[in-house]
Amino acid sequence: MGIDFKKLLPSNIRTGRWGELMEVIQSVFTEIKTDKIDIIQTQFVLENMTDEQILGFGKFLGYDINYRDGYTSTLSYLRKELLSIVPRISNRTTSISYDYIFNNFNLTGNVYPCFLEEDLTLNPFIGWKSSNESDTPIYMDQEADNILYYIDGNPVYADPASTGLPEIYLDPEGGETPTTLDENTILSTITRHILVEYKFNFIESEDEFISTNTVESYYSDLFQNKRRTEVLHLEPKLTIDTHSGSINNELYVSYDETLSGYVTSKHQACDLSSGCINTIEFGNGEYETISGVVITGVNNLVASYNADEFKVISQGSSRYNARKILTKTGKFIDFTEFALIDTESECIYYAHLPEINYSNNFYSSIQLDINLV
């Protein structure tokens, strides 16, 4: 309830000049409260903050929010960035902080440390999380009795720990010895190169998964998150399901469901086994139609690779999952289409998609995960 300043005066002087003076003082006080005090009181209420206040608060917390045209100028993005600053800082360089970055850009991803192979290519250690979780004992003698507490010197038991793993002891003769990161085989080949693998959940426009501006903001966040001595390799992962021998259209929408776009793919012949795929083409064009015509390759070729330049993750007659072999300074090109070519120079698979953009400031690759269903 507001206070009437005039009522603070004795009743016999509330009228006249003293009453008028109190009215003026109250008016000035109300103006100062509205324009100065209330703004300070509510300046950090996220729902009331302007773009400029969000950016300023980000700098106050020691983080530069990369603000550009497109998605990164939206209030949704800015709020995600601001709300994630503290957990990103407290978990900096860990997989948890990368998860926050993926979420800010509507992506799903993983990060993997890389080993250096004898041919000087990089090999991501895909199983590092599960290896750490399964090979290392949480408790000593982990299959022993699980005693919760004692009552009058008598133990109260819970169910014994059941990990499904062999018993592990400090004495190697008593059981298996867990893999550790201080082993020479690991120390001699592990690098500071990190693979950042990510999948698109939405599109930013009908023609782009994420725009060049958004890519630069995304990469800026990644750069702020990593150690200065670490080198990042960015790898979009394309997962496409196509009906064998036919055309498939997979719908993608924008995060606010105001735009839509398609990944259009066509399986023409052969299967996806290693004996069929000989060359992989990438282009930045588009066919007017792929229905009722035989596609011979990409519409506008920008890069072509032999199949052995891709490292196979999983391959069979109905699946081809492979990534471009990683090198220390390898970079990929923006593209909107790709084709798989067989040993007879015939196109067995073609796909057109919203453009995948990269940044020249980071090393990059591509992972294809094609499934015939």
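Residues numbered from 1 in each chain as written. Predicted model: local features only at pLDDT ≥ 70, side-chain atom pairs only at ≥ 80, totals over all residues. Heavy atoms only, no water.

Trainee: Before we move on, could you go through the pairing of strand β1 (residues 107-116) and cite the residues and values that matter?
Mentor: It is a general feature of regular strands that their side chains alternate between the two faces of the sheet. With eight bridges connecting them, β1 and strand β5 (residues 190-200) associate as antiparallel partners. The residue bridging Phe115 from the neighbouring strand is Ile190, located in β5. Inspection of the sheet shows β1 paired to strand β2 (residues 122-124) by three bridges, in the antiparallel sense. The residue of β2 that forms the bridge with Leu116 is Leu122. Here β1 hands over to β2 after five residues, with Leu120 in that stretch at a positive phi of 70°. (Pairing = 2+ DSSP bridges. Helix = DSSP H or I, 4+ residues; strand = E, 2+ residues; numbered from the N terminus.)

Trainee: Let's hear about the pattern of salt bridges: which residues, and what values?
Mentor: The final tally for this structure, using the stated rule, is seven salt bridges. Residue Arg323 pairs with Glu197 through a salt bridge whose shortest N-O separation is 3.2 Å. Here Arg323, found in strand β12 (residues 319-324), pairs with Glu197, found in strand β5; they are 126 residues apart in sequence, far enough to count as distant. Its relative accessible area of 8% is what places Glu197 among the buried residues. Among the ionic pairs, Glu230 bridges to Arg227, the shortest N-O distance being 3.0 Å. You can call Glu230 buried: its relative accessible area is 9%. (Salt bridge = Lys/Arg side-chain N within 4 Å of Asp/Glu carboxyl O. Buried < 20%, exposed > 50% of the residue type's maximum accessible area, 1.4 Å probe, protein only.)

Trainee: Would you mind going over the side chain of Gln367 in detail, with residue names and values included?
Mentor: Assignment of secondary structure puts Gln367 in strand β16 (residues 367-372). Exposure remark for Gln367: the relative accessible area of 1% places this residue in the buried category. Of the polar contacts made by the side chain of Gln367, one reaches the side chain of Glu197; its length is 3.0 Å. Gln367 has contacts with Glu197, Glu235, Pro236, Lys237, Leu238, Ile313, Asn321, Ala322 and Arg323, leaving out every residue within four places of it along the chain. (Polar contact = N/O pair within 3.5 Å; in protein donor to acceptor, adjacent residues only side chain to side chain. Contact = heavy atoms within 4.5 Å.)

Trainee: Residue-level account of the nonpolar core, with values.
Mentor: Among the nonpolar cores identified, the biggest contains 58 residues, and Val196, Tyr218, Phe282, Tyr320, Phe335, Phe338 and Leu368 are the most heavily contacted of them. The biggest single contributor to this core is strand β14 (residues 347-356), with five residues. When near neighbours in sequence (up to four residues on either side) are disregarded, Tyr320 contacts Leu272, Ile277, Ile280, Phe310, Val312, Ser314, Gln315, Leu340, Leu368, Asp369 and Ile370. Listed in part, the seven residues of the second largest apolar core include Ile290, Val298, Ile341 and Cys347. (Core = buried A, V, L, I, M, F, W, Y, C linked by side-chain atoms within 4.5 Å.)

Trainee: Now, about the sheet that holds strand β7 (residues 247-253): what can you tell me, with residues and values included?
Mentor: The six strands lie next to each other as β7-β8-β14-β13-β9-β10, forming an open sheet whose pairing is antiparallel. A single partner strand is all that each edge strand has here, and the edge strands are β7 and β10 (301-306). Put simply, the sheet's adjacent strands are angled 15° from each other on average, direction ignored. (Axes fitted to C-alpha atoms, helices over the stretch in contact; angles between N-to-C directions.)

Trainee: Help me get a handle on unusual backbone geometry, residues and values and all.
Mentor: Leave glycine aside and you will find that most residues have negative phi; peptide bonds, for their part, are mostly trans. Notably, Leu120 is not glycine yet its phi reads approximately 70°, a positive angle. Phi is positive for Ser345, close to 65°, though the residue is something other than glycine. Tracing the chain through its elements places Ser345 in the loop between β13 (335-342) and β14. The class of Ser345 is exposed, set by a relative accessible area of 58%.

Trainee: I'd love a proper account of helix α3 (residues 75-90), names of residues and values included.
Mentor: Owing to its 3.6 residues per turn, the α-helix brings residues three or four apart onto one side. Here α3 contains 16 residues, and its C-alpha end-to-end distance of 24 Å stays within 8% of the 22 Å for a straight helix at 1.5 Å per residue. If you look at α3, its biggest bend is around 45°, right at Ser84, and the proline Pro87 turns up within four residues after that. Of the surrounding elements, those touching the buried residues of α3 are α2 (51-60), α4 (95-104) and α7 (212-225). (Expected span 1.5 Å × (residues − 1). Bend = angle between axes of the 7 residues up to and from the residue.)

Trainee: Outline the packing of aromatic side chains, listing residues and values.
Mentor: In the structure shown here, the tally under the stated rule is 25 aromatic pairs. Residues Phe332 and Phe335 carry aromatic rings whose centres are separated by 6.0 Å and whose planes lie at 75° to one another, so their mutual orientation is edge-to-face. In terms of burial, Phe332 and Phe335 fall into one category: buried. Among the aromatic residues, those joined into a cluster by ring pairs are Tyr71, Tyr77, Phe105, Tyr198, Phe200, Phe209, Tyr218, Tyr219, Phe223, Tyr252, Tyr255 and Phe362. (Phe/Tyr/Trp six-rings, centres within 6.5 Å; stacked < 30°, edge-to-face > 60°.)

Trainee: Describe in detail the packing of α3 against α4, supporting the description with residues and values.
Mentor: At a minimum axis separation of 10 Å, α3 and α4 run at an interaxial angle of 175°. Judged by the angle between their axes, α3 and α4 are roughly antiparallel. Of α4, the residues touching α3 (which contributes Tyr77, Lys80, Glu81, Ser84, Pro87 and Arg88) are Ser97, Tyr100, Ile101, Asn103 and Asn104. When grouped by side-chain class, the residues that make up the contact of α3 with α4 number four nonpolar, four polar and three charged. (Parallel < 35°, antiparallel > 145°, perpendicular 65-115°, else oblique. Nonpolar A, V, L, I, M, F, W, Y, C, P; charged D, E, K, R; others polar.)

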